[in-house]
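# Geometric and topological summary
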Amino acid sequence: MLLEQLDTFIQRYQELAELLSDPEVINDNKRFRELAKEEADLRPKVETFKRYKEVVQGISDTEEIIKETSDDEMLELAKMELEDLKSEEEELEQKIRILMLPTDPNDDKNIIMEIRGAAGGDEAQLFAADLFDMYSKYAETQGWSVEVVSASANDIGGYKEIILQINGDRVYSKLKYESGAHRVQRVPKTESQGRVHTSTATVGVMPELEEFDFEIDEKDIRTDIYRSSGAGGQHVNKTSSAVRMTHIPTGIQVAMQDQRSQQQNREKALTILRSRVFEYYQSQEQSEYDEKRKNLVGTGDRSERIRTYNYPQNRVTDHRIGLTLQKLDRIMSGDLEEIINALILADQAQKLEALNETHI
């Protein structure tokens, strides 16, 4: 029963309030942050459940009044009150079910986003640049900050690969559904015949993890130092500041040379390596889960085609949920909220199917 589970949440919430005022906990930064996050996650459940219990008690009290009163005016008022309370009870039950859905512990984290031109040569790399612009503009509407960590550009303004850090409030919760293959249908800027081509770019979204979130054993990392190459003048060409880190158990490799010093390149490389290794292990677990039950909005696999951007018809289609919008121009200008909200709701609806079988 959900009520029993919610009672345990209230008990835990009260324990957390005491722990967070304990000087020993306050002086332990890591533990304090973990407990503060747990308390913040529990707060909406506890507040909603307390109101639910008040409403249930109100229904019981009002039904008692209806049974006992002989005053017509009071009876009418009590019936109206009962109707309002029962309506609120239904709303709160649904809200509790949504609050009880499994949550992703990484939803409140910043992200590392990797965008790569895939099939389609120069046009695919130009589309990768368009996706970078789209996500940057969307981030601006959300009040988030975007930092380019590393970029490999071609000669016509496209990107073979661009890696970003996007920081802000609950970034991963909104952008985690963007991982996958994005397909574009349009007349390429490089095409003189005016024919519509199909190209793809891939997007990878990973939570940015701190060391205490996911720790990699130092013995499992091989670090190579070498000279930076490319534009950058004397500093870049004469200083061995570029860093390549390899996670030996998985073979995952990160090379970083875009920062100003070897130390900064080390820090950025380790941040990205941590996120990539976490994603690798998480995707293995997800694959095992998906063998049992298909996830509607996808696994985050970069090879999975998730969306088509059709320029001639000003149309965007998200294939996972069958959503088609005739406003590609606005979406490419950063107006992603309708798509993202639809994906969140579809994910919630799928999880609610199982939970709705459980009575409160």
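Scroll up to find the structure this text is about.
Attention here is on the structure that accompanies the text. (Residues numbered from 1 in each chain as written. Predicted model: local features only at pLDDT ≥ 70, side-chain atom pairs only at ≥ 80, totals over all residues. Heavy atoms only, no water.)

### Side note on the pairing of strand β10 (residues 315-318)
Alignment of strand β9 (residues 305-310) against β10, held across 4 bridges, turns out to be antiparallel. Along β10, the bridge assignment pairs Arg 307 with Asp 318. As paired elements, β10 and strand β11 (residues 323-325) share 3 bridges and run antiparallel to each other. Bridge pairing in β11 links Asp 318 to Leu 323. If you look at the hairpin formed by β10 and β11, you'll find 4 residues sitting between the two strands, and Gly 322 has a positive phi there, around 65 degrees. (Pairing = 2+ DSSP bridges. Helix = DSSP H or I, 4+ residues; strand = E, 2+ residues; numbered from the N terminus.)

### Looking at helix α4 (residues 72-99)
Helix length check: α4, at 28 residues, gives a terminal C-alpha distance of 40 Å against a target of 40 Å (1.5 Å per residue), a fit within 8%. One side-chain oxygen at the N-terminal end of α4 lies 2.9 Å from the backbone nitrogen of Glu 73; it belongs to Asp 71. (Expected span 1.5 Å × (residues − 1). Polar contact = N/O pair within 3.5 Å; in protein donor to acceptor, adjacent residues only side chain to side chain.)

### Here's the deal with unusual backbone geometry
For Arg 170, which is not glycine, the phi dihedral falls at a positive 55 degrees. Take Arg 170: it is sitting in the loop between β3 (159-167) and α6 (171-175).

### A closer look at the pattern of salt bridges
By the definition in use, this model includes 24 salt bridges. Asp 107 is paired through a salt bridge with Lys 176; the nearest N and O atoms lie 2.8 Å apart. On the criterion of sequence distance, the pair formed by Asp 107 in the loop between α4 and β1 (111-117) and Lys 176 in the loop between α6 and β4 (180-186) is long-range, its members being 69 residues apart. Each member of the pair, Asp 107 together with Lys 176, is buried. Overlapping salt bridges bring together Glu 114, Arg 116, Glu 161 and Arg 276 as one network. (Salt bridge = Lys/Arg side-chain N within 4 Å of Asp/Glu carboxyl O. Buried < 20%, exposed > 50% of the residue type's maximum accessible area, 1.4 Å probe, protein only.)

### Describing the sheet that holds β1
Read across the sheet, 8 strands follow the order β2-β3-β1-β5-β4-β9-β10-β11 without closing on themselves; strand pairing throughout is mixed. The open sheet is flanked by β2 (145-153) and β11, the only strands paired with a single partner. Sheet twist, expressed as the mean angle between neighbouring strand axes with direction ignored, is 15 degrees. Examined bridge by bridge, β2 and β3 share 8 bridges and lie antiparallel to one another. The residue bridging Val 146 from the neighbouring strand is Ile 166, located in β3. Across the face of the sheet, helix α5 (residues 121-142) comes into contact with β1, β2, β3, β4, β5 (197-207) and β9 while running at roughly 110 degrees to β4. (Axes fitted to C-alpha atoms, helices over the stretch in contact; angles between N-to-C directions. Contact = heavy atoms within 4.5 Å.)

### A few points about the sheet that holds strand β7 (residues 242-247)
Strand order across the open sheet formed by 3 strands is β6-β7-β8, with antiparallel pairing between neighbours. Only two strands of the sheet have a single neighbouring strand rather than two, namely β6 (221-226) and β8 (252-256). Between one strand axis and the next, the sheet turns by 15 degrees as a mean value, whatever way the strands run. Strand direction decides the pairing type here: β6 and β7, joined by 6 bridges, are antiparallel. Counterpart to Ile 225 in the pairing with β7 is Val 243.

### Brief notes about the nonpolar core
Core analysis: the largest hydrophobic core is formed by 36 residues, its most contacted members being Met 113, Ile 115, Leu 131, Tyr 135, Leu 175 and Tyr 309. Secondary-structure elements contributing two or more residues to this core are β1, α5, β3, α6, β5, β11, α9 (328-332) and α10 (337-355). Ranked by residues supplied to this core, first place goes to α5 with 9 residues. Each residue touching Leu 175, except ones within four places of it in the same chain, is listed here: Ile 111, Met 113, Tyr 135, Tyr 138, Trp 144, Ile 166, Val 205 and Ile 340. The next biggest cluster of nonpolar side chains, apart from the first, holds 19 residues, and it includes Leu 6, Phe 9, Leu 16 and Met 100. (Core = buried A, V, L, I, M, F, W, Y, C linked by side-chain atoms within 4.5 Å.)

### Focus on the packing of aromatic side chains
One pair of aromatic rings is described through two measures. These are the centre distance and the angle between the planes. Under the definition given, this model contains 4 aromatic pairs. Each ring, one from Phe 127 and one from Tyr 309, has its centre 5.3 Å from the other, and the planes form 65 degrees; the classification is edge-to-face. With Phe 127 in helix α5 and Tyr 309 in strand β9, the pair connects residues that are 182 residues apart, well separated along the chain. On the basis of relative accessibility, which here comes to 0%, the residue Phe 127 falls in the buried class. Given the relative accessible area of 0%, Tyr 309 is considered buried. Measuring from ring centre to ring centre gives 5.9 Å for Phe 132 and Tyr 159, while their planes differ by 85 degrees; the resulting arrangement is edge-to-face. (Phe/Tyr/Trp six-rings, centres within 6.5 Å; stacked < 30°, edge-to-face > 60°.)

### Topic: helix α3 (residues 29-68)
Taking 1.5 Å as the rise per residue, α3 with 40 residues should run 58 Å; its terminal C-alpha atoms sit 57 Å apart, in good agreement. The principal kink in α3, of about 35 degrees, is found at Leu 42, preceding the proline Pro 44 by one to four residues. Inspection of α3 places Leu 35, Glu 39, Leu 42, Lys 45, Val 46, Thr 48, Phe 49, Tyr 52, Val 55, Gly 58, Ile 59 and Thr 62 among the buried residues, and these make up the whole buried set. (Bend = angle between axes of the 7 residues up to and from the residue.)

### Section: the side chain of Gln 185
Mapped onto the elements, Gln 185 comes out in strand β4. Among the residues examined, Gln 185 registers a relative accessible area of 17% and is labelled buried. At 2.8 Å, the side chain of Gln 185 and the side chain of Asn 310 are in polar contact. Sequence-distant contacts of Gln 185, that is, excluding residues within four places in its chain, are made with Val 196, His 197, Thr 198, Thr 308, Tyr 309, Asn 310, Tyr 311, Pro 312 and Arg 315.

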